[in-house]
Amino acid sequence: MEGKLSHAAKKITLSSIQELSHLAQRCNAINLAEGFPDFPAPPHIKNAAVSAINSDLNQYRHVQGVCDLLAKAVKEMHGLDIDPLTDVAICCGQSEAFAAAIFATIDPGDEVILFDPSYETYEGCVALAGGVPIHVPLDPPQWTLDTSKLLRSFTERTKVVVLNSPHNPTGKVFTKEELEIIAGECCRRNCLAITDEVYEHITYDSLKHLSLASFPGMQERTVITSSLSKSFSVTGWRVGWAIAPAVLASAIQNIHARVTDCAPAPFQEAALTALRSPPEYFESLRRDYQSKRDYIVKLLAGVGFKIEFIPQGSFFLFAELPDNWSLSDVEFVKKLILEAGVVAVPGQGFFHTDLSSNEVSKINCHYQKRYVRFAFCKSDATLTMVAERLSKLLDEQEHLALH
Amino acid sequence: MATVSHQNGTSHPSQVAKRLEKFKTTIFTQMSMLAAQHGAINLGQGFPNFDGPEFVKEAAIQAIRDGKNQYARGCGVPDLNLAIADRFKKDTGLVVDPEKEVTVTTGCTEAIAATMLGLINPGEEVILFAPYYDSYIATLSMAGAKVKSITLHPPDFSVPIEELKSTMSKDTRAILINTPHNPTGKMFTPEELKAIAALCIENDVLVFSDEVYDKLAFDMDHVSIASLPGMFERTVTMNSLGKTFSLTGWKIGWAIAPSHLTWGVRQAHAFLTFASATPMQWAAAAALRAPDSYFVELKRDYRAKRDILVQGLKDVGFKVFPASGTYFVIVDHSPFGLENDVAFCEYLIKEVGVAAIPTSVFYFNPEDGKNLVRFTFCKDEETLRAAVERMKQKLKRK
């Protein structure tokens, strides 16, 4: 009965990140693959959720207060004026906000520009809606935007540009100049933008996250998507949102209403508390993650990884295997699980070759199998244990001897 | 590239996708807003004004405190998949593999969306019965399906088997059934299900069965079509926590299907919502393991509520159709002289202070629903009695 599957379903493969998680579980490995914390969520937010459940806030609901707080937040962070009554759709996680935004804007055959490497879900979602993903490669090792590559990717079928910043998997925070270029092209070509800003509160070295929507001409054509998940360490709560001009927000809301009706009611209520967190909360979030970043960068560089790009945001480190390590990323990760009891994600799953990168030569593509993504959203105890496990596998040069 | 059109709010700028024709604000939102404005008793929107059982809420709270707040496995927390399989065996006798044949979704609504998107290609034919829950038509359009609607008519809304026979062909990909049925309260009889099954086997058609009200079956036993001979291999059975446990805002649902169909559902689910709320999944597992007494009491309580409303509606002068299952009852409002269902509902809210749902939005051809409106009885008894009182006082036959 495979013939009964839709074309879209057949093209898409099961989340490889989750598959590795299963192998890790079976080997009792420390999970630096999947991007969720292993430390508890903030108590004030958990209490708010418990309180909501006890207060019988458990039926279909739309909590307008969440929209009001988001309006305040985007004004403070990005100087954007939005109408909380018409410009916000509360969804089941950024995942659903993104899916609804894609279904609201993409007709079959429409092209969607994505920056490579990219989180694997975007492409699947675009394909499900009948759209055509077009990947624009960012240039290693600094993951810089090559303007000419971007410009060459636009066609008259380009409908949407997807921008994820801070970026998964590289940890890049797009610069003001890069955002200006992307914004300029979107305006010139009259395209829409959908942003994924879930790591908006996790930036380092005093770097500020800038929303593409805050650039000239962009607010009227941008859907901002984000969620509680990463900012408040509640990836399992499924509360996210889309912020967009009223016509788009309304379209997204209408799709969301037919796909899930509403986001989990008690967690919408808890979002009110989360979104009222004082500046100190976000400062300490940033500080804690920065120290974890520094720890893991030092650790992995110390055992031989090539780390030419220090993460500027998100909680991922995209580390390069040194040239003298002959294993591919996948082989390396498998050995890491089996011998070190640590799991990470092979980088090749984040890279895509398609029409727009045809001009990239075979030699240049080689880099796509040389990266491994480590998530450092883990407790200090976990990270210390990683160091201990790796330390048992070092050679005379103090480098990892898995290769 | 189409130019940006600065249009007024009523028309679609060129940048919004074409599939959105079917995606306007729901009738529920509109009626609820009107009801709130006029202080009307809301018997329109289908969620309880009482809360779920303490033991389920406690389980969710415990899960939150135990730190179960991160991503669940996309297809479901394993213990919930197991609980769903166990419950399904108790209810239908069917043994299913919790790992390969059960998928947890973000409510039954998402189970439906994922099933359509995972298993229907653009242009493929899907049959559904009108009146239907309005999200079906919207998600079918998202999947690009060619929809064939067969109308169920009062007084008993029976399935027109001859019409179904002539509508179904080898070109039909799937048929969507909802039993117990929203909005009519009908339950598909064993004979109807057998007839549908025979046609599906003959034409190699899939069945998507929305059974979200299966525990609110009053006048006969609920039958899952998947349990009929030859049917499991071609059926997706969908259900949820919300109606059975009065927790409609938790969004925990599921789809049970043979592994080759489950695979398609899981692909689409991965891109629609990725995973469902983790603490609620843990609580759902506890809920589904509730003793039989819970389900017996649930049915008894709802039956009592049904009887209050149905008797009340009859006394007021509506023509009331049998509410065999769900927590809805459908009535003919024409004795009151309003021109159609929407006009009647607006009148009922503004002049009488009670909200119901006009059914025309549940039909492929809205005209088919103009005499019918839907009331819900998932409210506490005091509320139901108060609503009946208001109607007795203020609603006069013409």
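Please read these numbers as outputs of a predicted model, since none were measured by experiment.

### Side note on the domain arrangement of chain B
Residues and elements named next belong to chain B.
Next, step 1: Split into domains, chain B comes out as domain 1 (15–45 + 293–394) and domain 2 (54–288).
Next, step 2: With centres defined by C-alpha atoms, the gap from domain 1 to domain 2 works out at 24 Å.
Next, step 3: Interface area lost by domain 1 to domain 2 is led by Phe-295, Thr-326 and Phe-362, which between them contribute 20%.
Next, step 4: Taken together, the links from domain 1 to domain 2 amount to one salt bridge.
Next, step 5: One salt bridge connects Arg-306 with Asp-219, and the closest N-O pair in it is separated by 3.2 Å.
Next, step 6: In this structure, the connection of domain 1 to domain 2 is made through 13 residue pairs in polar contact (both at pLDDT 80 or more).
Next, step 7: Elements represented by at least two residues in the side of domain 1 that touches domain 2 include exactly α10 (292–316), β10 (328–332) and β13 (372–376).
Next, step 8: Among the elements that make up the side of domain 1 that touches domain 2, the one with the highest residue count is α10 (seven residues).
Next, step 9: Per-class residue counts for the side of domain 1 that touches domain 2 are 19 nonpolar, four polar and seven charged.

### Structural notes on the environment of Ala-197 of chain B
Next, step 1: Mapped onto the elements of the fold, Ala-197 of chain B is located in helix α7 (residues 190–203).
Next, step 2: As a C-alpha pair, Ala-197 of chain B and Arg-300 of chain B span 103 residues in sequence and 31 Å in three-dimensional space.

### A look at the sheet that holds strand β11 (residues 345–346) of chain A
Residue and element names in this part refer to chain A.
Next, step 1: Read from one edge of the open sheet, three strands run β9-β12-β11, paired in antiparallel fashion. Each edge of the open sheet is held by one strand with a lone partner, namely β9 (316–320) and β11.
Next, step 2: Bridge count for β11 against strand β12 (residues 371–375) is two bridges, and the pairing is antiparallel. The partner of Val-345 across the bridge, within β12, is Arg-373.

### Points about the interface of chain A and chain B
Next, step 1: Between chain A and chain B, the residue contacts involve 77 residues of the former and 78 residues of the latter.
Next, step 2: The junction of chain A with chain B conceals about 6,400 Å² of combined surface from both sides, 57% of it contributed by carbon and sulfur atoms.
Next, step 3: Here chain A and chain B share three salt bridges between them.
Next, step 4: Linking Asp-134 of chain B and Arg-258 of chain A is a salt bridge whose minimum nitrogen-to-oxygen distance equals 3.8 Å.
Next, step 5: Taken together, the links from chain A to chain B amount to 26 residue pairs in polar contact (both at pLDDT 80 or more).
Next, step 6: Elements supplying a minimum of two residues to the side of chain A that touches chain B: α1 (7–11), α2 (16–26), α3 (43–54), α5 (93–105), α6 (120–128), β5 (158–164), α9 (246–259) and α10 (265–275) of chain A.
Next, step 7: Ranked by residue count, the leading element in the side of chain A that touches chain B is α9 of chain A, at eight residues.
Next, step 8: Each residue belonging to the side of chain A that touches chain B can be placed in one class, and the counts come to 38 nonpolar, 22 polar and 17 charged.

### Things to note about the side chain of Asp-329 of chain A
Residue and element names in this part refer to chain A.
Next, step 1: Secondary-structure assignment places Asp-329 in helix α12 (residues 329–340).
Next, step 2: Lys-369 provides the closest opposite charge to the buried, salt-bridge-free Asp-329, at an N-O distance of 6.9 Å.
Next, step 3: Setting aside residues up to four positions removed in sequence, Asp-329 forms contacts with Leu-321, Pro-346, Gly-347, Gln-348, Gln-368, Lys-369, Tyr-371 and Val-372.

### Things to note about the UniProt feature "domain: Aminotransferase class I/classII large" (unreviewed entry) in chain B
Next, step 1: Annotation from UniProt places "domain: Aminotransferase class I/classII large" (unreviewed entry) at residues 41–390 of chain B.
Next, step 2: Span residues 41–390 of chain B is 41% helix and 16% strand, its end C-alpha atoms 9 Å apart.

### Focus: the sheet that holds strand β3 (residues 125–130) of chain B
Pairing between the strands of a sheet is mediated by backbone hydrogen bonds and can be parallel or antiparallel.
Residue and element names in this part refer to chain B.
Next, step 1: In space, the seven strands of this open sheet follow the order β2-β8-β7-β6-β5-β3-β4, with mixed pairing throughout. Pairing within the sheet leaves two strands with one partner each, and these edge strands are β2 (102–105) and β4 (146–151). Sheet twist, expressed as the average angle between the axes of neighbouring strands with direction ignored, equals 20 degrees.
Next, step 2: Pairing between β3 and β4: six bridges, direction parallel. When the sheet's bridge partners are listed, Leu-128 is paired in β4 with Ser-149.
Next, step 3: Along the sheet, helix α4 (residues 107–119) makes contact with β2, β5 (172–178), β6 (206–210), β7 (235–240) and β8 (253–256), crossing β7 at roughly 160 degrees.

### Re the side chain of Arg-73 of chain B
All names here are of chain B.
Next, step 1: Turning to its location among the elements, Arg-73 is positioned in the loop between α2 (54–65) and α3 (78–92).
Next, step 2: Accessibility expressed as a relative area gives 17% for Arg-73, which makes it buried.
Next, step 3: A distance of 2.6 Å separates polar atoms of two side chains, one belonging to Arg-73 and the other to Glu-99.

### A closer look at the packing of aromatic side chains
Residue and element names in this part refer to chain B.
Next, step 1: Tallying each qualifying case throughout the model produces 48 aromatic pairs over all chains.
Next, step 2: With a centroid separation of 5.7 Å and an interplanar angle of 65 degrees, the aromatic rings of Phe-129 and Phe-188 are classed as edge-to-face. Residue Phe-129 is located in strand β3, and its partner Phe-188 is located in the loop between β5 and α7; the two are separated by 59 residues in the primary sequence.
Next, step 3: Residue Phe-188 is classed as buried on the basis of its relative accessible area of 2%.
Next, step 4: Taken together, the aromatic side chains of Phe-50, Tyr-213, Phe-218, Tyr-302, Tyr-327, Phe-328 and Phe-377 make up a single cluster linked through ring pairs.
Next, step 5: Just above the ring of Trp-282 sits the side chain of Lys-68; from NZ or CZ to the centre is 3.9 Å.

### Regarding the environment of Val-147 of chain B
All names here are of chain B.
Next, step 1: Tracing the sequence through the fold places Val-147 in strand β4.
Next, step 2: For Val-147, a relative accessible area of 21% puts it in the partly exposed group.
Next, step 3: Sequence-wise, Val-147 and Ile-137 are 10 residues apart; in three dimensions their C-alpha atoms are separated by 8.0 Å.
Next, step 4: If sequence neighbours within four positions are ignored, Val-147 has contacts with Val-126, Leu-128, Ile-137, Leu-140 and Phe-364.

### Let's talk about unusual backbone geometry
Apart from glycine, the bulk of residues carry a negative phi angle, and the bulk of peptide bonds sit in the trans form.
Residue and element names in this part refer to chain A.
Next, step 1: A cis amide bond links Ser-165 to the next residue, Pro-166, at an omega of -10 degrees.
Next, step 2: Mapped onto the fold, Pro-166 is located in the loop between β5 and α8 (176–189).
Next, step 3: Of the consecutive residues Asn-168 and Pro-169, the connecting peptide bond is found in the cis state with omega at 15 degrees.
Next, step 4: Structurally, Pro-169 is set in the loop between β5 and α8.
Next, step 5: In the Ramachandran plot, Asn-28 falls in the positive-phi region, its phi being about 55 degrees despite a non-glycine side chain.

Conventions used here
- Residues numbered from 1 in each chain as written.
- Chains lettered and ligands numbered in written order.
- Predicted model: local features only at pLDDT ≥ 70, side-chain atom pairs only at ≥ 80, totals over all residues.
- Heavy atoms only, no water.
- Domains from an automatic or database assignment.
- Buried area = accessible area lost by both parts, 1.4 Å probe.
- Salt bridge = Lys/Arg side-chain N within 4 Å of Asp/Glu carboxyl O.
- Polar contact = N/O pair within 3.5 Å; in protein donor to acceptor, adjacent residues only side chain to side chain.
- Helix = DSSP H or I, 4+ residues; strand = E, 2+ residues; numbered from the N terminus.
- Nonpolar A, V, L, I, M, F, W, Y, C, P; charged D, E, K, R; others polar.
- Pairing = 2+ DSSP bridges.
- Contact = heavy atoms within 4.5 Å.
- Buried < 20%, exposed > 50% of the residue type's maximum accessible area, 1.4 Å probe, protein only.
- Lys, Arg positive; Asp, Glu negative; His and termini not counted.
- UniProt positions renumbered as here; feature names shortened; annotations may be inferred.
- Axes fitted to C-alpha atoms, helices over the stretch in contact; angles between N-to-C directions.
- Phe/Tyr/Trp six-rings, centres within 6.5 Å; stacked < 30°, edge-to-face > 60°.
- Lys NZ or Arg CZ within 6 Å of the ring centre and 35° of its normal.

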